[in-house]
Amino acid sequence: MTRSGERAMGGERVAQLEYSEFQAAMLDEEKRRRKAAKIVAVLGHFLGRKERVLEGLTVADIGCSAGFIADELAAAGAHRTFGVDIDVPGLRKASARFGERVRFLCADGTALPFPDDSVDVLVFNHIYEHVVDPDAIMAEMRRVLAPDGVLYLGLGNRLGVMEPHYKLPFLSYLPPALADRYVRLSGRADSYYERYRTRRGLRRMVRGLRVWDYTFPVLATPAEFAGSELFPGAVGRVAEGVLSRTPRPVLGALLPVVPTYLWVATKGNRRPAGPSLPQPPEPVLPL
């Protein structure tokens, strides 16, 4: 069986240390760089920049692990790039490869080593389900984000049918004890560590920020965001066309079960500055 995390006596969740040591996906360089390209493209659209998207900006990847995404952020022109994690083996690998242009820091997300209002761009990509207190980390990111800064959020949805880590349907729907039993019976892990939230719970988590939803823009026009079609070949092109023309209220009805949300958040009233899209980014209503 694979390790899914660490638990204290009595089932209490504790920090997932050395995550890259038991989650091979964190060391899949090609896949991580593809994710980074999408992140940079979404940030580029929001900022209204096509080239050198992050030029002149201070950028931090929170939960950087082996550093592939942080390296791509640096390559996008960032003036200073930081990678932050508690994954010491991952940080060692990252520093050995990318330390010349990224500064890697071993720090907990609940106590980020940055002054108030000092970071122009924060990336928090598919991390919240792995941490003990995501609300505390969100509060810290709000603290360090510059007044006109941008926070990229890749957020898994509890109501997405297929759980992405273990590829087991409805795993994230279950209460912890049943989820533990499910992954054990599958032979894929000893216990189920991750804790996802519904869209409503995620809206509550980002309270105090203004949020723009890039989920449907990316799905409807993947080429604009360094992505590929949902399905290969002609089927993918048809699906893309349908998504780009479907009325937004119809798509909105699907939001509660979309597996992943791509959000961009700010402290103020900054709006997407990129060109118009068939499915434009829309504000996420606060709770």
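Note that the structure is predicted; figures quoted are calculated from it, not measured.

Enquirer: I tried to follow the overall build of the protein chain on my own but got confused; where do I start?
Expert: Each helix and strand in the protein chain was counted, giving 10 helices and 8 strands. Among the 287 residues that make up the protein chain, the fraction classed as buried is 50%. Accessible surface, the protein chain: about 13,400 Å² in total, of which carbon and sulfur atoms supply 56%.

Enquirer: I keep staring at the sheet that holds strand β7 (residues 260-266) and nothing clicks. Help me out?
Expert: What holds strands together in a sheet is hydrogen bonding between their backbones, with the strands either parallel or antiparallel. In spatial order, the strands read β3-β2-β1-β4-β5-β7-β6-β8; together these 8 strands make up an open sheet with mixed pairing. For this open sheet the edge positions go to β3 (103-106) and β8 (282-283), each flanked by a neighbour on one side alone. As defined by bridge partners, strand β6 (residues 210-213) adjoins β7 across 4 bridges and the pair is classed as antiparallel. The partner of D213 across the bridge, within β7, is W263. In the packing of helix α3 (residues 68-75) onto the sheet, contacts are made with β1 (58-62), β2 (80-85), β3 and β4 (119-125), and the angle to β1 comes to roughly 165°.

Enquirer: Looking at this structure, how should I read the nonpolar core?
Expert: What tends to happen in soluble globular proteins is that the nonpolar side chains get buried as a cluster. If you look at the biggest cluster of nonpolar residues, it comprises 45 residues, and the most contacted ones within it are F114, L122, F124, M141, L151, L153 and W263. Beyond its immediate sequence surroundings of up to four residues, M141 is in contact with I62, L112, L122, F124 and L151. Of all hydrophobic cores here, the second largest spans 27 residues; its members include I39, V40, A41 and L262.

Enquirer: What exactly am I supposed to notice about the pairing of β4 here?
Expert: For a regular strand, the rule is simple: side chains alternate between the two faces of the sheet. β4 sits mainly inside the fold: 6 of its 7 residues count as buried. By the bridge criterion, 3 bridges tie β1 to β4 in an arrangement that is parallel. Its bridge partner lying in β4, D61 is registered against V123. Following the backbone out of β4, through helix α5 (residues 134-144) and into the adjacent parallel strand β5 (residues 145-156), one traces a crossover that is right-handed.

Enquirer: I tried to follow the pattern of salt bridges on my own but got confused; where do I start?
Expert: It is possible for side chains bearing opposite charge to pair when their charged atoms get close. Under the criterion given, the structure shown has 12 salt bridges. A salt bridge links R34 to E30, with the nearest nitrogen and oxygen atoms 3.2 Å apart. Within this pair, R34 and its partner E30 are both found in helix α2 (residues 29-47), separated by 4 residues, close to a single helical turn. Taking the relative accessible area as the measure of exposure, E30 reaches 58% and is therefore exposed. One network of salt bridges, with partners in common, ties together E29, R33, D71, E72, R97 and R101.

Cut-offs and rules
Residues numbered from 1 in each chain as written. Predicted model: local features only at pLDDT ≥ 70, side-chain atom pairs only at ≥ 80, totals over all residues. Heavy atoms only, no water. Helix = DSSP H or I, 4+ residues; strand = E, 2+ residues; numbered from the N terminus. Buried < 20%, exposed > 50% of the residue type's maximum accessible area, 1.4 Å probe, protein only. Areas by Shrake-Rupley, 256 points an atom, 1.4 Å probe, with all protein chains shown as cover. Pairing = 2+ DSSP bridges. Contact = heavy atoms within 4.5 Å. Axes fitted to C-alpha atoms, helices over the stretch in contact; angles between N-to-C directions. Core = buried A, V, L, I, M, F, W, Y, C linked by side-chain atoms within 4.5 Å. Right-handed = clockwise from strand over helix to strand, strands pointing away. Salt bridge = Lys/Arg side-chain N within 4 Å of Asp/Glu carboxyl O.

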